[in-house]
Amino acid sequence: MDRSQPELSLRDRLVERLNRPGVFTAVSQTIKSVIAATAAWWFSMFVLTTEMPFLAPWTALLTVHTTVYQSISRGLQTSVASVIGVGLSFVVGNYLGVNVWTYALALMVGLILARIRWIRDEGVAIATTGIFLLSSGFNDQEPLLLDRMLEVGVGVAIGIAVNFLVVPPLRDWQAAQHVDSINRRMGELLVDMADQMSQSWDTDNAEEWIEETRSMEEDTRTAWRLVQFAQESHRANPRTYLHRVRPSKNHHPPSATEEGAGYADILTRVDEGISHLRHLARTLRQATYVESAWNDRFRTEWVAIVRDCGQAIADPDAEVEPINDRLTTLSHELSDDHDLPQSAWPIYGSLITSVRHLAVIVDDVASSREAREPDA
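Residues numbered from 1 in each chain as written. Predicted model: local features only at pLDDT ≥ 70, side-chain atom pairs only at ≥ 80, totals over all residues. Heavy atoms only, no water.

Quick word on helix α13 (residues 296-314)
Then, number 1: If you check α13, its first and last C-alpha atoms are 27 Å apart, about what 19 residues at 1.5 Å a residue would give, namely 27 Å.
Then, number 2: The set of residues buried in α13 consists of F298, R299, W302, V303, I305, V306, D308, C309, G310, A312, I313 and A314. (Helix = DSSP H or I, 4+ residues; strand = E, 2+ residues; numbered from the N terminus. Expected span 1.5 Å × (residues − 1). Buried < 20%, exposed > 50% of the residue type's maximum accessible area, 1.4 Å probe, protein only.)

Written out as structure tokens, the structure reads:
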């Protein structure tokens, strides 16, 4: 399958890369992590005036997550785990002393406690906090254990505040972009099938189409993860409230919490569409082994329908005649054609049925403007 494109300039490649789903989120999260850790260090150093201000920036760094809800949830887990780690260090250092065996014991207990279900995501902070405190001279740190707990709280609070106030992440745009890219690939694949079949195709072409559907399945798995993030990103997020109070002039994509079809519904239909695409490609592969010639009228009309179906999926603005009506007309015309070999009908019927299923996907997915016009 020829997918060659004109070579892009360096500037165009850079713009294209920056516009990829997830790149903006990754860059913004990196910047916010730096801001949170630096602010926590400054606060610990110049406001709390601690001599070793490492816990505050460390916990702030751990608290900046991909959604505000995760920052709050896992930030609380980090706080609890770090406080347990401080307490464990105090018990071991004060009652057993610090040596190779008690150091190993503290780590063992910390890692066991890290498996507690309600702090499991950040439970390793128990052991790492113990490492920090026991490794930095426990005798000097013991009088400052309460200060260390305060540093942990400061770090978590600053991490949550930064993620809450500085462009709190809404993953709708990223999810919508990914769903849109899969839709376009489905449409482009159908157009490519039509282009090849209008001339000639062979088993290699069909194998490439099948492989493309497998690649789209992988992208769909990624899209499902992004949809879950998009749903979670609305929880405890002030931007969700602002969207409701001051709706954008541009239509923004729906979340799973809004009325109508959400991304989960759309992706379910996309999954079905990919399955039908693969079945269509396999039928065409099987057809390459059939010795009888194709009916020219079927081939011409069916290829035109497939091309229009692909264009409608890839571009919802494309104006095409109703796909289902054309398939029904084609079926009726062929059923009245007594010159059509009966051996050809199993293949022709399968091809018509597959495209009919895809036509439903056109109505359910390609016409969903909310999934095609993400609000950046």
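A word on the nonpolar core
Then, number 1: Counting 44 residues, the largest nonpolar core has L284, W294 and W302 as the members making the most contacts within it.
Then, number 2: For this core, the secondary-structure elements that each account for two or more residues are α9 (172-197), α10 (203-233), α12 (263-287), α13, α14 (323-335) and α15 (345-366).
Then, number 3: Among the elements that take part in this core, α12 stands out by supplying nine residues, more than any other.
Then, number 4: Leave out the neighbours within four places in its chain, and W294 touches M197, W201, L284, A287, R299, I347, Y348 and L351.
Then, number 5: Residues L55, A106, I119 and A125 belong to the second largest nonpolar core, which totals 11 residues. (Core = buried A, V, L, I, M, F, W, Y, C linked by side-chain atoms within 4.5 Å. Contact = heavy atoms within 4.5 Å.)

Quick look at the pattern of salt bridges
Then, number 1: All chains considered together, the criterion is met by 10 salt bridges.
Then, number 2: Across the pair R185 and D219 runs a salt bridge whose closest N-O atoms are separated by 2.5 Å. Of this pair, R185 sits in helix α9 while D219 sits in helix α10, and the two are 34 residues apart along the sequence.
Then, number 3: Given the relative accessible area of 22%, D219 is considered partly exposed.
Then, number 4: One salt bridge connects E211 with R214, and the closest N-O pair in it is separated by 3.2 Å. Residue E211 and its partner R214 are located together in helix α10, separated by three residues, close to a single helical turn.
Then, number 5: The class for E211 is partly exposed, based on a relative accessible area of 46%.
Then, number 6: Its relative accessible area of 38% is what places R214 among the partly exposed residues.
Then, number 7: Residues participating in the shared-partner salt-bridge network are R185, E212 and D219. (Salt bridge = Lys/Arg side-chain N within 4 Å of Asp/Glu carboxyl O.)

Some words on the packing of helix α4 (residues 68-96) against helix α5 (residues 100-113)
If you want to describe how two helices pack, look at the angle between their axes and the distance between the axes.
Then, number 1: Interhelical geometry of α4 versus α5 gives an angle of 150 degrees and a closest axis separation of 10 Å. Relative to α5, α4 is oriented roughly antiparallel. As for how α4 packs across α5, the hand of that crossing is right-handed. Along its contact with α4, which presents I84, L88, V92 and L96, the element α5 presents T102, L105, A106, V109, G110 and L113. (Axes fitted to C-alpha atoms, helices over the stretch in contact; angles between N-to-C directions. Parallel < 35°, antiparallel > 145°, perpendicular 65-115°, else oblique. Left-handed = near helix turned anticlockwise from the far one by under 90°.)

Some remarks on the side chain of T213
Then, number 1: Relative to the helices and strands, T213 resides in helix α10.
Then, number 2: Beyond its immediate chain neighbours, meaning those up to four positions away, T213 contacts L189, I274, L277 and R278.

Examining unusual backbone geometry
Then, number 1: Non-glycine residue T49 carries a positive phi angle of around 50 degrees.
Then, number 2: Assignment of secondary structure puts T49 in the loop between α2 (23-47) and α3 (55-63).
Then, number 3: The class for T49 is exposed, based on a relative accessible area of 57%.

Digging into the packing of aromatic side chains
Then, number 1: Considering all chains together, one arrives at four aromatic pairs under this definition.
Then, number 2: Ring centres 5.9 Å apart and planes at 85 degrees place the aromatic pair W41 and F46 in the edge-to-face group.
Then, number 3: On the accessibility criterion, W41 (38% relative accessible area) is partly exposed.
Then, number 4: Plain terms: the ring middles of W42 and F46 are 6.2 Å apart, the flat faces sit at 40 degrees to each other, and that makes the pair tilted. A residue pair is termed a helical-turn pair when its members lie 3 or 4 positions apart in one helix, as W42 and F46 do in helix α2 at four residues.
Then, number 5: Grouping aromatic residues by their ring pairs yields a cluster made of W41, W42 and F46. (Phe/Tyr/Trp six-rings, centres within 6.5 Å; stacked < 30°, edge-to-face > 60°.)

Comments concerning the confidence of the model for the protein chain
Close reading of the predicted structure is inappropriate where its pLDDT is low.
Then, number 1: Across the protein chain, the average pLDDT comes to 76, with 72% of residues at 70 or higher.
Then, number 2: In the model of the protein chain, helix α11 (residues 238-245) stands out as the element of lowest mean pLDDT, 53, in contrast to α5, which has the highest, 90.
Then, number 3: A low-confidence stretch, residues 1-5 (pLDDT under 50), is modelled with nine contacts involving residues beyond four sequence positions or located in other chains.
Then, number 4: Below a pLDDT of 50 lies the segment residues 245-261, which in the model reaches 26 contacts outside its immediate sequence neighbourhood of four places, other chains included. (pLDDT = per-residue confidence, 0-100.)

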